[in-house]
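# What the coordinates show
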Amino acid sequence: MTEGWTYAKAGVNIDQKSSAIASLVKQLNYTRQGKGTQVRMKNLFASLIDFGDVYLTMATDGVGTKLLVAEELNVWDTIGIDCIAMNVNDTICVGSEPMSFVDYIAIDRPDDVITEQIGIGLHKGAEMSNMEIVGGEIAVLPEMVNGVDVSGTCLGYVPKDKVVTGQDCKEGDLIVTLKSSGIHSNGLTLARKVFEAAGYGMKDSVPGLSKTVGMELLTPTRIYVKDVLDILSKYEVHGLVDITGGGLRNLLRMKESLQYVIDNPIKADPIFTKIQELGNISDQEIYQTLNMSMGFDIIAPADAAEEIAKNYEGAAVVGRVQKGKGVLLEQQNILYENY
């Protein structure tokens, strides 16, 4: 049997990435004096900044190689949604409400049509997040960029007594997932390589998929802001987890002295099963690379979790919290111990 694809084989080694991040972060030791100092906590999805009665939050992210799909299809009007989503979905993981955004577009040559289309998506994403785009930058870099890169930074706020850090998670809590809209905006390097190796281009149809490969991959990332903020206003919540790069490993950002067991994962959409099938990808690899339709996880007391699962679209209880360590994909007997 042909050796299965991995994210590392496709060109993205998440362990090397983690090492590179650590080598950068160890140099960042300066602490601001006065108002606006950082709250230094490990593994948060967004940074907390002490600002009187509230924490300001900042998160930054980009669209990644999904942009190569947009370029091949010449479809640019949805990637702005992805840019917003990747930032606001991290922002809400600490209970913070997104309020302001700045975008950064690096491009090899100015193109009014492309930037207008990107703007359409950015506007839509901001509207879906109840967030204002207050500025941005377009950098023309013909000697550095071949095509387009899109990223941004989100500013949010959370009252200090409402912050969610994951440290309140406890044995007996349940894990509720909010369904993803598809592959979202990570793991695209692996997905593209798998389809390419199987002989499928972005404009091709594949048995089992309702849209062409490219249009499946371009499905905009779901924005969870309104649902999650509503949940936080009604229920006790102990942890919030955006399932992006690292897949289920993201649950390792929660309280370290517990084990997070996925014992009833929801059925993955066809795009995921097709990628796994064509790429001969192991369960261990696929669940630490893609969201597998579990786009955003909420850890809450059992009674609250059951109510959330009943009352929100695409929500389901997928797991539990128990004594132990790591993230356990129970049916497959797969344990992730390192983020």
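Residues numbered from 1 in each chain as written. Predicted model: local features only at pLDDT ≥ 70, side-chain atom pairs only at ≥ 80, totals over all residues. Heavy atoms only, no water.

## Side note on the pattern of salt bridges
The full count for this structure, using the stated rule, is 13 salt bridges. Here Arg320 ties to Glu330 by a salt bridge, and the two come within 2.9 Å at their closest N and O atoms. Within this pair, whereas Arg320 is found in strand β11 (residues 315-323), its partner Glu330 is found in the loop between β12 (326-329) and β13 (334-336), the two being separated by ten residues in sequence. For Arg320, a relative accessible area of 24% corresponds to the partly exposed category. Overall, Glu330 belongs to the partly exposed group, its relative accessible area being 33%. Among the charged side chains, a salt-bridge network with shared partners connects Asp263, Arg320 and Glu330. (Salt bridge = Lys/Arg side-chain N within 4 Å of Asp/Glu carboxyl O. Helix = DSSP H or I, 4+ residues; strand = E, 2+ residues; numbered from the N terminus. Buried < 20%, exposed > 50% of the residue type's maximum accessible area, 1.4 Å probe, protein only.)

## Examining the nonpolar core
Judged by nonpolar contacts, the single largest core of 90 residues is most densely connected at Leu217, Tyr260 and Ile275. With six residues, the single largest contributor to this core is helix α4 (residues 79-91). Excluding residues within four positions of it along the chain, Tyr260 makes contact with Cys169, Ile175, Leu251, Met254, Lys255, Ile299, Arg320, Val321, Gly326, Val327 and Leu328. Within the second largest apolar cluster, eight residues are counted, among which are Leu44, Tyr55, Ala59 and Val94. (Core = buried A, V, L, I, M, F, W, Y, C linked by side-chain atoms within 4.5 Å. Contact = heavy atoms within 4.5 Å.)

## A short note on the packing of α4 against helix α5 (residues 112-129)
Orientation of α4 relative to α5, taken along the N-to-C sense of each, is 40°, at an axis distance of 6 Å. Classified by the interaxial angle, the pair formed by α4 and α5 is oblique. Regarding α4 and α5, the two cross each other, and that crossing is right-handed. Contacts between α4 and α5 involve Ile79, Gly80, Ile81, Cys83, Ile84 and Val88 on the former and, on the latter, Ile118, Gly121, Leu122, Lys124, Gly125, Ala126 and Ser129. In terms of residue class, the contact of α4 with α5 is made up of eight nonpolar, four polar and one charged. (Axes fitted to C-alpha atoms, helices over the stretch in contact; angles between N-to-C directions. Parallel < 35°, antiparallel > 145°, perpendicular 65-115°, else oblique. Left-handed = near helix turned anticlockwise from the far one by under 90°. Nonpolar A, V, L, I, M, F, W, Y, C, P; charged D, E, K, R; others polar.)

## Brief notes about the packing of aromatic side chains
Within this structure, the stated rule accounts for one aromatic pair. Between Tyr224 and Phe296 the ring centres are 5.3 Å apart and the planes differ by 35°, which places this aromatic pair in the tilted class. Within this pair, whereas Tyr224 is found in the loop between α7 (213-217) and α8 (225-234), its partner Phe296 is found in strand β10 (residues 294-300), the two being separated by 72 residues in sequence. Phe296 gets classed as buried once you look at its relative accessible area, which sits at 0%. In this arrangement the basic side chain of Lys9 is found over the ring face of Trp5, its NZ or CZ atom lying 4.7 Å from the centre. One cation-aromatic arrangement involves Lys35 over Phe51; the distance from NZ or CZ to the ring centre is 4.4 Å. (Phe/Tyr/Trp six-rings, centres within 6.5 Å; stacked < 30°, edge-to-face > 60°. Lys NZ or Arg CZ within 6 Å of the ring centre and 35° of its normal.)

## Comments concerning the environment of Asp90
The residue Asp90 is located in helix α4 in this model. Its relative accessible area of 11% is what places Asp90 among the buried residues. For the pair Asp90 and Val225, spaced 135 residues apart in sequence, the C-alpha to C-alpha distance is 9.7 Å.

## A few points about the sheet that holds β11
Spatially, seven strands are ordered β8-β10-β7-β11-β9-β12-β13 in an open sheet, and the strand pairing comes out mixed. Of all strands in the sheet, those with a lone pairing partner are β8 (239-242) and β13, marking the two edges. The average angle at which neighbouring strand axes cross in this sheet is 25°, direction not considered. (Pairing = 2+ DSSP bridges.)

## A look at a nonpolar patch on the surface
Residues Ile21, Leu24, Val25 and Leu28 make up a contiguous nonpolar surface patch of about 370 Å² in total accessible area. Mapped onto the fold, Val25 is located in helix α2 (residues 14-25). With relative accessibility at 45%, the residue Val25 sits in the partly exposed group. (Patch = residues over 30% accessible without salt bridge, like charges linked within 9 Å, V, L, I, M, F, W, Y side chains within 5 Å. Areas by Shrake-Rupley, 256 points an atom, 1.4 Å probe, with all protein chains shown as cover.)

## Considering the environment of Asn130
Tracing the sequence through the fold places Asn130 in the loop between α5 and β5 (132-140). On the basis of relative accessibility, which here comes to 56%, the residue Asn130 falls in the exposed class. Sequence separation of Asn130 and Val225 is 95 residues, and the distance between their C-alpha atoms is 8.5 Å. Discounting residues that sit within four places of it in the chain, Asn130 has contacts with Glu97 and Pro98.

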